[in-house]
Amino acid sequence: MKFRATLTGFSAIVMWSFLALLTVASGKMPPFQLLAICFAIGSIPGIVVLLLRPERLQLLRQPAKVWITGIAGLFGYHFLYFTALRHAPAVEAGLIAYLWPLLIVVGSALLPGERLRWYHIVGALMGLAGTMLIVGRNGFHFEGAYAVGYGAAFLCAFTWSGYSLITRRFEAVSTDVVTIFCLATSILSFFCHIGLEETVWPENPAQWIAVFGLGLFPVGAAFYAWDYGVKNGDIQILGAASYAAPLLSTLILTLFGFAEPSWGIALACLLVTGGAVLAAHRMILHRDDGVRTQAEAAE
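Source: prediction; values computed, not measured.

Engineer: Outline the UniProt feature "domain: EamA" (unreviewed entry) in the protein, supporting the account with residue identities and numerical values.
Structural biologist: Within the UniProt annotation, "domain: EamA" (unreviewed entry) is assigned to residues 7–135 and 149–278. Along residues 7–135 the backbone is 75% helical and 0% strand, and the end-to-end C-alpha distance reaches 26 Å. The distance separating the terminal C-alpha atoms of residues 149–278 is 33 Å; by composition the span is 80% helix and 0% strand.

In structure tokens, the structure reads:
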């Protein structure tokens, strides 16, 4: 079960790697408008399931802390991310925000029943190094004038890592609750759009298809898969493997002609892949389903 759950969580990382491509293909829609629409689309499958199986509605009876954590995690992360991009260069803001996988790996040591091992940390650091090669291929230029943006990016990283780690503690809570998280994030994004942006609609069917693709996968199914993965899988492996997202995203953009191939990308591929394999090598070799041997427990 743990192995399959970890793979499910990794499927979220794969879906997130298509975020940049589909966002570019969706046209010039403002970010909060796009989020409002995409999260509304992402909530539809969950709503359909609840309508077809009304007995599952009782699974939505959860304490306030579950709702606060979920809505703050999904909406808070995106709000802070776009705030960072508005007040700092995208490269530097993106790199800071992408500290969250490393924070998940390190923070997992605080979770009950988890032990942080050297290969988890080294794997995450290799992934971070690969990410720096990807996002910083044109250099970094940190300046004090962008302090607000950098601060928002740091909060962004802590928000998503905190959400993921706290979600692990809610392992008994059904993934059905993600439906409400998505719906609430859509509503809050809509109000941000009304207050901060001008409405821009897609200009052609291809852009609408990209918007629906975003809502169904990177801004929809991915959050259900991530919720299930961090609750039932190996959160340390998922944290280290999350650095594959910017690499896969760059490879996809290169494949579709939006980026140029380079030796830096090849080196980043080796670092990220090697880091993920190192972090997950015990599970890969032993297909750990959650049962630890006495020797492993004694390490």
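Engineer: Lay out the packing of helix H3 (residues 31–52) against helix H9 (residues 177–196) in plain terms, naming residues and giving numbers.
Structural biologist: Axis separation between H3 and H9 bottoms out at 7 Å; the angle between their running directions is 155°. Looking at the two axes, H3 sits roughly antiparallel to H9. Viewed along their axes, H3 and H9 form a crossing whose handedness is left-handed. On H9, the residues that touch Phe 32, Gln 33, Leu 35, Ala 36, Phe 39, Ala 40, Ser 43, Gly 46, Ile 47 and Leu 50 of H3 are Thr 179, Cys 182, Leu 183, Thr 185, Ser 186, Ser 189, Phe 190, Cys 192, His 193 and Leu 196. Residue composition of the contact of H3 with H9, by class: 12 nonpolar, 8 polar and no charged.

Engineer: Can you lay out the confidence of the model for the protein for me, pointing to particular residues and giving the numbers?
Structural biologist: Averaged over all residues, the pLDDT of the protein equals 88, while 93% of them reach at least 70. Low pLDDT (under 50) marks residues 288–299, which in the prediction has 21 contacts with non-local residues, meaning those over four places away or in another chain.

Engineer: Hey, could you go over the packing of aromatic side chains for me, with residue numbers and the actual values?
Structural biologist: To describe a pair of aromatic rings, you give the distance between the ring centres and the angle between the ring planes. One pass over the structure, following the stated rule, counts 23 aromatic pairs. Ring geometry for Tyr 81 versus Phe 82: centroids 5.8 Å apart, planes at 65°, classification edge-to-face. Exposure remark for Phe 82: the relative accessible area of 17% places this residue in the buried category. Aromatic side chains Trp 201 and Trp 208 sit 6.1 Å apart centroid to centroid with 25° between the ring planes, which places their arrangement in the stacked category. Given the relative accessible area of 52%, Trp 201 is considered exposed. For Trp 208, a relative accessible area of 32% puts it in the partly exposed group.

Engineer: Lay out the nonpolar core with the relevant residues and their values.
Structural biologist: Of all hydrophobic cores here, the largest spans 73 residues; its most connected members are Trp 16, Leu 74, Trp 100, Trp 160, Phe 181, Phe 223 and Trp 226. Counting residues per element, this core draws most heavily on helix H10 (residues 205–232), which supplies 9 residues. Excluding residues within four positions of it along the chain, Trp 16 makes contact with Trp 100, Trp 160, Pro 218, Ala 222, Phe 223 and Trp 226.

Engineer: I'd love a proper account of the environment of Phe 258, names of residues and values included.
Structural biologist: Here Phe 258 is to be found in the loop between helix H12 (244–255) and helix H13 (263–286). The spacing of Phe 258 and Pro 205 is 53 residues in sequence and 20 Å in space, taken between C-alpha atoms. Those residues in contact with Phe 258, other than ones at most four positions away along the chain, are Leu 21, Val 24 and Leu 253.

Engineer: Quick one: what's the story with the packing of helix H6 (residues 100–107) against helix H8 (residues 147–169), residue by residue and with numbers?
Structural biologist: Remark: H6 packs on H8, axes separated minimally by 8 Å, with the N-to-C direction vectors making an angle of 40°. Between H6 and H8, the angle falls in the class oblique. Viewed along their axes, H6 and H8 form a crossing whose handedness is right-handed. Contacts between H6 and H8 involve Trp 100, Leu 103, Ile 104 and Gly 107 on the former and, on the latter, Ala 157, Phe 158, Trp 160, Ser 161, Ser 164 and Leu 165.

Engineer: Lay out the environment of Ile 166 in plain terms, naming residues and giving numbers.
Structural biologist: Note that Ile 166 resides in helix H8. Ile 166 gets classed as partly exposed once you look at its relative accessible area, which sits at 37%.

Conventions and cut-offs
- Residues numbered from 1 in each chain as written.
- Predicted model: local features only at pLDDT ≥ 70, side-chain atom pairs only at ≥ 80, totals over all residues.
- Heavy atoms only, no water.
- UniProt positions renumbered as here; feature names shortened; annotations may be inferred.
- Helix = DSSP H or I, 4+ residues; strand = E, 2+ residues; numbered from the N terminus.
- Axes fitted to C-alpha atoms, helices over the stretch in contact; angles between N-to-C directions.
- Parallel < 35°, antiparallel > 145°, perpendicular 65-115°, else oblique.
- Left-handed = near helix turned anticlockwise from the far one by under 90°.
- Contact = heavy atoms within 4.5 Å.
- Nonpolar A, V, L, I, M, F, W, Y, C, P; charged D, E, K, R; others polar.
- pLDDT = per-residue confidence, 0-100.
- Phe/Tyr/Trp six-rings, centres within 6.5 Å; stacked < 30°, edge-to-face > 60°.
- Buried < 20%, exposed > 50% of the residue type's maximum accessible area, 1.4 Å probe, protein only.
- Core = buried A, V, L, I, M, F, W, Y, C linked by side-chain atoms within 4.5 Å.

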